Amino acid sequence: MTVLFISDLHLSPTHPEITQCFLRFLKEDAPKASALYVLGDLFESWIGDDDGTPLQIEVADAFKALSDLGIPIYFIHGNRDFLVGKRFAKASGMTLLPEHHVIDLFGKPTLIMHGDTLCIQDEGYQRYRKKVHNPLIQWLFFRLPLFVRRRIGEKIRAGSTKSNMEKSQDIMDVDQSEVLRVMKDSGVTQLIHGHTHRPDIHDIRIGNDPAQRIVLGDWYTQGSVLVCTEEGCTLQTRAF
Ligand code: OKV
Ligand code: MN
């Protein structure tokens, strides 16, 4: 029994080598697993399930083939693909999970999330997040035609690249007190998240109890997978 976790692939038509590595992972690794968890930022951008780009269709079909083999696929939104909706989930055969979710991972209660909500020091990002997660603002956004949504996406992405270059690395990492707070809140001793692109397994303490914070890696230069069995979890890479 193996459970797989991935995040931060940032799939886009401009990087076909990442998509190829991911599709190979779905064909060769994932069918041997008992579940696959995608913890956000699978896509670099997402402006609606109705976009229907060749990339979206290719990924949905590959997920569906895996799900038809009986492998459950779970998806938590990232900060980039937070608009992935029920239509894409259904076409992919995947289950959408809420932004914070506790699973039983081989007997260990484990909190899983994307990780952007842990970066509370990045106040600019948290302000932006509050706006684009507002249901009324999303409802208005979805009423815009696709070409307008695409243009807004391009504009916001250009502005964000500029502002991120001015932010310190510290601000873009998780806040340690927020990590402890959410873990205590959920009553877990294990947390798995992505987003920061700093793959690592951190041994921490919650009060007197030993605990782990596992950070998934991005797929910028290689595939990155967390493989968990009853023996434990290991971070692995997959060459492009
Ligand atoms: C996603 C991020 C672009 C970060 C816009 C309302 C608005 C949704 C949206 C537009 C952008 C997602 C949906 C994208 C994430 C970026 C740049 C930085 C840091 C509105 C609802 F503005 F009209 F109100 N968006 N896209 N960024 O291009 O996929 O996460 S996106
Ligand atoms: Mn992210």
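Keep in mind it's a predicted model, so treat the numbers as computed, not measured. (Residues numbered from 1 in each chain as written. Chains lettered and ligands numbered in written order. Predicted model: local features only at pLDDT ≥ 70, side-chain atom pairs only at ≥ 80, totals over all residues. Heavy atoms only, no water.)

Participant: Tell me about the packing of aromatic side chains, and please be specific about residues and values.
Facilitator: Two measures describe an aromatic ring pair: the distance that separates the ring centres and the angle between the ring planes. A full pass over the atoms with the stated rule returns 10 aromatic pairs. Arranged with centres 6.0 Å apart and planes meeting at 40°, the rings of tyrosine 125 and tyrosine 128 form a pair that is tilted. Placement of both tyrosine 125 and tyrosine 128 in helix 4 (residues 123–133) is noted, with a separation of 3 residues, approximately one turn of the helix. Assessed through its relative accessible area of 29%, tyrosine 128 is described here as partly exposed. Three or more aromatic residues joined by ring pairs form one cluster here, namely Phe22, Phe25, Phe63 and Trp219. (Phe/Tyr/Trp six-rings, centres within 6.5 Å; stacked < 30°, edge-to-face > 60°. Helix = DSSP H or I, 4+ residues; strand = E, 2+ residues; numbered from the N terminus. Buried < 20%, exposed > 50% of the residue type's maximum accessible area, 1.4 Å probe, protein only.)

Participant: Hey, could you go over the coordination of the manganese ion (ligand 2) for me, with residue numbers and the actual values?
Facilitator: The manganese ion (ligand 2) binds to the protein through Asp41 (OD), Asn79 (OD1), His114 (NE2) and His195 (ND1), with metal-donor distances spanning 2.1 to 2.3 Å. Binding-site remark: the manganese ion (ligand 2) is held by donors from one chain whose sequence spacing is D-x37-N-x34-H-x80-H. Placement of the pair is histidine 114 in the loop between strand 6 (108–113) and helix 4 and histidine 195 in the loop between strand 7 (190–193) and strand 8 (200–206), with a sequence separation of 81 residues. Looking at histidine 114, the relative accessible area reads 2%, which means it is buried. (Donors = N, O, S within 2.8 Å, 3.2 Å for Na, K, Ca; no water.)

Participant: Before we move on, can you summarise the site of ligand 1 with the specific residues and values?
Facilitator: By nearness alone, 16 residues border ligand 1, and Ser45, Trp46, Asn79, Arg157 and Ser160 come closest of all. Here asparagine 79 contributes a side-chain N or O atom positioned 2.9 Å from an oxygen atom of ligand 1. Arginine 80 is positioned such that a nitrogen or oxygen atom in its backbone is 3.4 Å from an oxygen atom of ligand 1. Against a free-state accessible area of 630 Å², the protein chains account for coverage of 88% of ligand 1. Per-element tally for the shell around ligand 1: the top contributor is helix 6 (residues 146–165), with 5 residues. (Near = heavy atom within 4 Å. Polar contact = N/O pair within 3.5 Å; in protein donor to acceptor, adjacent residues only side chain to side chain. Areas by Shrake-Rupley, 256 points an atom, 1.4 Å probe, with all protein chains shown as cover.)

Coordinates in, geometry out; function isn't part of it.
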